[in-house]
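Coordinate inspection notes
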Amino acid sequence: MAKKIEQITATSKGMQTIAHSKGHQVIIDEPKQMGGKDEGANPLGSFLASLAGCENAIANMAAKEIGFDLQSIEFDIRAEMNPEGMMGNKDVRPYFQSVSINARVKTSESEERLTELQQIVDSRCPIYTVLEAANVEMTPNWIKE
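Residues numbered from 1 in each chain as written. Predicted model: local features only at pLDDT ≥ 70, side-chain atom pairs only at ≥ 80, totals over all residues. Heavy atoms only, no water.

**Focus: the sheet that holds strand β3 (residues 24–28)**
Spatial ordering of the open sheet is given by β1-β2-β3, a layout of three strands whose pairing is antiparallel. Looking at the sheet topology across the chains shown, the edges are occupied by β1 (9–13) and β3. When the angles between neighbouring strand axes are averaged without regard to direction, this sheet yields 15°. Sheet topology places strand β2 (residues 16–21) next to β3; five bridges connect them, and they run antiparallel. (Pairing = 2+ DSSP bridges. Helix = DSSP H or I, 4+ residues; strand = E, 2+ residues; numbered from the N terminus. Axes fitted to C-alpha atoms, helices over the stretch in contact; angles between N-to-C directions.)

Here it is as structure tokens:
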């Protein structure tokens, strides 16, 4: 199989970045108190939104593969970090220390099958696995709704 290449183009002015990906526009910005225009999510919020989108996409692919009744997923993702790292303190890592993924899954499947799906998703989601590789403490909590 050929390698898949992802590519974006982006234009930045001040704290705002307007990115284009396959005909879609994404605005990443900072709140006004940080010098932005507050016209989009900040970079860290955008990253966590990407994690939710990735987990959802992989869940839907995997559900088809294993015959899992996946009706919908609602995510509440929370991440903790020490902002001193991104502000220049070399003794503090400039990225998340922990990420909690709370997913409410609408399904007719058993808890055991839900755990199976969650484990498949977490092992295949590129964003989740990048965070794991960076030694971010990952806490997935998928519950049946």
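**Notes on the nonpolar core**
Of all hydrophobic cores here, the largest spans 28 residues; its most connected members are Leu 51, Val 99, Ile 101 and Trp 142. Sorting the residues of this core by element identifies α1 (43–66), β4 (70–80), β5 (98–107), α2 (111–124), α3 (126–133) and β6 (137–144) as the ones contributing at least two each. Counting residues per element, this core draws most heavily on α1, which supplies eight residues. Sequence-distant contacts of Val 99, defined by excluding residues within four places in its chain, comprise Leu 51, Ile 77, Arg 78, Ala 79, Leu 131, Val 136, Glu 137, Met 138 and Thr 139. (Core = buried A, V, L, I, M, F, W, Y, C linked by side-chain atoms within 4.5 Å. Buried < 20%, exposed > 50% of the residue type's maximum accessible area, 1.4 Å probe, protein only. Contact = heavy atoms within 4.5 Å.)

**Digging into the pattern of salt bridges**
For side chains of opposite charge, pairing can occur when their charged atoms come near one another. A complete count under the given rule lists eight salt bridges for this structure. Notably, a salt bridge pairs Arg 124 with Glu 65, separated by 2.8 Å at the nearest N-O pair. With a gap of 59 residues between them, Arg 124 in helix α2 and Glu 65 in helix α1 connect regions that are remote in the sequence. You can call Arg 124 partly exposed: its relative accessible area is 35%. Shared partners join several salt bridges into a network, and the residues in it are Lys 4, Glu 6 and Lys 22. (Salt bridge = Lys/Arg side-chain N within 4 Å of Asp/Glu carboxyl O.)

**Here's the deal with α1**
Taking 1.5 Å per residue, 24 residues should reach 34 Å; α1 reaches 34 Å between its end C-alpha atoms and fits that length. Taken as a whole, α1 has its buried residues at Ser 46, Leu 48, Leu 51, Ala 52, Cys 54, Glu 55, Ile 58, Ala 59, Ala 62 and Ala 63. Elements in contact with the buried residues of α1: β3, β4, β5, α2, α3 and β6. The N-terminus of α1 is capped by Asn 42, whose side-chain oxygen sits 3.1 Å from the backbone nitrogen of Leu 44. Positive backbone phi, approximately 65°, marks Gly 67, located one or two places after α1. (Expected span 1.5 Å × (residues − 1). Polar contact = N/O pair within 3.5 Å; in protein donor to acceptor, adjacent residues only side chain to side chain.)

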